[in-house]
Amino acid sequence: QVQLVESGGGLVQAAGSLRLSCAVSGRTFNRYTMGWFRQAPGKEREFVSAQTWSGIYRTYYADSVQGRFTFSRDNARNTVYLQMNSLKPEDTAVYYCAAGPFGITVTSLGEYDYWGQGTQVTVSS
(Lines give C-alpha, C1' and ligand atoms only; values in the text may rest on other atoms or scores of the structure.)
Protein backbone atom coordinates (compact mmCIF):
# COMPACT_ATOMS: atom_id res chain seq x y z
CA GLN A 1 0.00 0.00 0.00
CA VAL A 2 1.41 3.37 -1.03
CA GLN A 3 0.84 6.30 1.29
CA LEU A 4 1.33 9.96 0.45
CA VAL A 5 1.59 12.64 3.12
CA GLU A 6 1.65 16.31 2.15
CA SER A 7 3.00 19.10 4.31
CA GLY A 8 4.10 22.71 4.01
CA GLY A 9 0.82 24.48 3.43
CA GLY A 10 -0.14 27.62 5.28
CA LEU A 11 -1.13 31.26 5.05
CA VAL A 12 1.04 33.58 2.99
CA GLN A 13 0.68 37.06 1.56
CA ALA A 14 0.41 37.63 -2.16
CA ALA A 15 3.82 37.54 -3.90
CA GLY A 16 5.12 35.26 -1.17
CA SER A 17 6.43 31.71 -1.42
CA LEU A 18 5.73 28.29 0.03
CA ARG A 19 7.24 24.87 -0.51
CA LEU A 20 4.99 21.85 -0.33
CA SER A 21 6.38 18.40 0.38
CA CYS A 22 4.92 14.98 -0.32
CA ALA A 23 6.49 12.02 1.43
CA VAL A 24 5.85 8.66 -0.22
CA SER A 25 5.97 5.42 1.71
CA GLY A 26 5.22 1.83 0.93
CA ARG A 27 6.98 1.45 -2.40
CA THR A 28 9.96 2.84 -4.24
CA PHE A 29 8.60 5.63 -6.31
CA ASN A 30 11.54 6.51 -8.53
CA ARG A 31 9.65 5.67 -11.70
CA TYR A 32 6.16 6.63 -10.62
CA THR A 33 4.36 9.48 -12.26
CA MET A 34 3.99 12.03 -9.47
CA GLY A 35 1.52 14.85 -9.67
CA TRP A 36 0.25 17.88 -7.79
CA PHE A 37 -3.37 18.94 -8.03
CA ARG A 38 -5.41 21.58 -6.24
CA GLN A 39 -9.02 22.21 -5.38
CA ALA A 40 -10.41 25.62 -4.53
CA PRO A 41 -13.75 26.00 -2.71
CA GLY A 42 -16.64 25.33 -5.05
CA LYS A 43 -14.37 24.26 -7.89
CA GLU A 44 -13.24 20.97 -9.37
CA ARG A 45 -9.84 19.55 -8.59
CA GLU A 46 -7.37 20.70 -11.21
CA PHE A 47 -3.94 19.75 -12.45
CA VAL A 48 -1.00 21.83 -11.25
CA SER A 49 2.19 19.95 -12.09
CA ALA A 50 3.55 16.47 -12.65
CA GLN A 51 6.71 14.58 -13.41
CA THR A 52 7.04 11.36 -15.38
CA TRP A 53 9.84 8.88 -15.91
CA SER A 54 10.70 7.54 -19.37
CA GLY A 55 14.43 7.18 -19.11
CA ILE A 56 14.60 10.78 -18.07
CA TYR A 57 12.31 12.84 -15.90
CA ARG A 58 9.91 15.13 -17.72
CA THR A 59 8.06 17.86 -15.87
CA TYR A 60 4.74 19.43 -16.79
CA TYR A 61 2.95 22.51 -15.52
CA ALA A 62 -0.48 24.04 -15.85
CA ASP A 63 -0.42 27.32 -17.76
CA SER A 64 -1.62 29.14 -14.66
CA VAL A 65 1.50 28.22 -12.66
CA GLN A 66 4.15 27.98 -15.39
CA GLY A 67 7.14 30.11 -14.44
CA ARG A 68 6.05 30.46 -10.81
CA PHE A 69 5.93 26.87 -9.51
CA THR A 70 8.72 24.32 -9.65
CA PHE A 71 8.39 20.56 -9.25
CA SER A 72 11.33 18.65 -7.79
CA ARG A 73 12.01 15.29 -6.21
CA ASP A 74 14.49 13.67 -3.88
CA ASN A 75 14.50 9.95 -4.59
CA ALA A 76 16.76 9.23 -1.63
CA ARG A 77 14.08 10.66 0.65
CA ASN A 78 11.09 9.36 -1.36
CA THR A 79 9.80 12.90 -1.42
CA VAL A 80 8.54 15.29 -4.06
CA TYR A 81 8.26 19.04 -3.67
CA LEU A 82 6.34 21.91 -5.15
CA GLN A 83 8.10 25.24 -4.79
CA MET A 84 5.52 27.98 -5.20
CA ASN A 85 6.72 31.53 -5.80
CA SER A 86 4.92 34.76 -6.66
CA LEU A 87 1.77 33.39 -5.11
CA LYS A 88 -1.56 34.95 -5.98
CA PRO A 89 -4.89 34.89 -4.13
CA GLU A 90 -6.24 32.65 -6.90
CA ASP A 91 -3.70 30.01 -5.89
CA THR A 92 -5.67 29.51 -2.68
CA ALA A 93 -6.76 25.86 -2.55
CA VAL A 94 -6.18 22.50 -0.96
CA TYR A 95 -3.16 20.99 -2.68
CA TYR A 96 -2.97 17.24 -3.22
CA CYS A 97 -0.11 14.97 -4.12
CA ALA A 98 -0.84 11.94 -6.31
CA ALA A 99 1.05 8.92 -7.63
CA GLY A 100 0.37 6.86 -10.70
CA PRO A 101 2.01 4.34 -13.03
CA PHE A 102 4.10 5.02 -16.07
CA GLY A 103 2.25 6.13 -19.17
CA ILE A 104 -0.78 7.87 -17.71
CA THR A 105 -2.12 11.18 -18.91
CA VAL A 106 -0.64 13.45 -16.27
CA THR A 107 -3.58 15.87 -16.22
CA SER A 108 -6.16 13.13 -15.72
CA LEU A 109 -7.16 12.74 -12.07
CA GLY A 110 -8.73 9.34 -12.60
CA GLU A 111 -5.49 7.76 -13.81
CA TYR A 112 -3.64 8.30 -10.54
CA ASP A 113 -3.76 5.38 -8.12
CA TYR A 114 -2.83 7.05 -4.85
CA TRP A 115 -3.64 10.39 -3.24
CA GLY A 116 -2.57 12.27 -0.17
CA GLN A 117 -4.91 13.93 2.26
CA GLY A 118 -4.16 17.43 1.03
CA THR A 119 -2.65 20.54 2.55
CA GLN A 120 -4.31 23.96 2.66
CA VAL A 121 -2.66 26.91 0.96
CA THR A 122 -4.19 30.33 1.57
CA VAL A 123 -2.86 33.42 -0.18
CA SER A 124 -4.06 36.74 1.18
CA SER A 125 -4.21 39.90 -0.93
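As shown above, the structure is provided for reference.
Position numbers for residues start from 1 in each chain and track the written sequence from start to end. Reporting in this predicted model follows two pLDDT cut-offs: at least 70 for local features of residues, and 80 or more for side-chain atom pairs to be given and counted; totals over whole chains, interfaces and linings ignore these cut-offs and use all residues. Remark: hydrogens and water are excluded; side-chain values derive from all non-hydrogen atoms of the structure.

Colleague: Can you explain the side chain of Thr-33? Please cite residues and give values.
Modeller: Counting through the fold element by element, Thr-33 comes out in strand β4 (residues 33–39). Under this definition, polar contacts are N or O atom pairs within 3.5 Å; protein pairs additionally need one hydrogen-donor-capable and one acceptor-capable atom, and for neighbouring residues in sequence, both atoms have to be side-chain atoms. Looking at Thr-33, its side chain comes within polar contact range of the main-chain oxygen of Pro-101, at 3.2 Å. When residues no more than four places from it in sequence are discounted, the contact partners of Thr-33 are Gln-51, Thr-52, Ala-98, Ala-99, Gly-100, Pro-101, Phe-102, Gly-103, Ile-104, Val-106 and Tyr-112. Secondary structure elements are taken from DSSP: a helix is a run of H or I of four residues or more, a strand is a run of E of two residues or more, and numbering for both begins at the N terminus. Should any heavy atoms of two residues lie within 4.5 Å, those residues are considered in contact.

Colleague: Quick one: what's the story with the state of the cysteines, residue by residue and with numbers?
Modeller: The disulfide criterion is simple: two cysteine sulfur atoms within 2.5 Å. On inspection of all chains with the given rule, the structure shows one disulfide. At a sulfur-sulfur separation of 2.1 Å, the disulfide partner of Cys-22 is Cys-97. In this structure, the disulfide formed by Cys-22 and Cys-97 twists by about -80 degrees around the S-S bond and is classed as left-handed. You can see Cys-22 sitting in strand β3 (residues 18–25) and its partner Cys-97 sitting in strand β9 (residues 93–100), a full 75 residues away along the chain. Buried means the residue's accessible area, taken with a 1.4 Å probe over protein chains only, is under 20% of the maximum for its type, while exposed means over 50%, and partly exposed covers the values in between. Under the relative-accessibility criterion, Cys-97 is labelled buried at 0%.

Colleague: Pulling in residues and values, what's your account of the pattern of salt bridges?
Modeller: Definition used for salt bridges: Asp or Glu carboxyl oxygen within 4 Å of a side-chain nitrogen of Lys or Arg. Per the counting criterion, the structure on display carries four salt bridges. Here Asp-91 and Arg-38 are joined by a salt bridge, their closest N and O atoms 2.9 Å apart. Residue Asp-91 is found in the loop between β8 (79–84) and β9, and its partner Arg-38 is found in strand β4; the two are separated by 53 residues along the sequence. The pair Asp-91 / Arg-38 is uniform in exposure class, with both members buried. Residue Arg-68 pairs with Asp-91 through a salt bridge whose shortest N-O separation is 2.8 Å. A residue pair is termed long-range when its members are at least 10 positions apart, and Arg-68 in the loop between β6 (57–61) and β7 (69–74) and Asp-91 in the loop between β8 and β9 qualify at 23 residues. Arg-68 sits in the buried class, given a relative accessible area of 11%. Judged by relative accessible area, which is 1%, Asp-91 ranks as buried.

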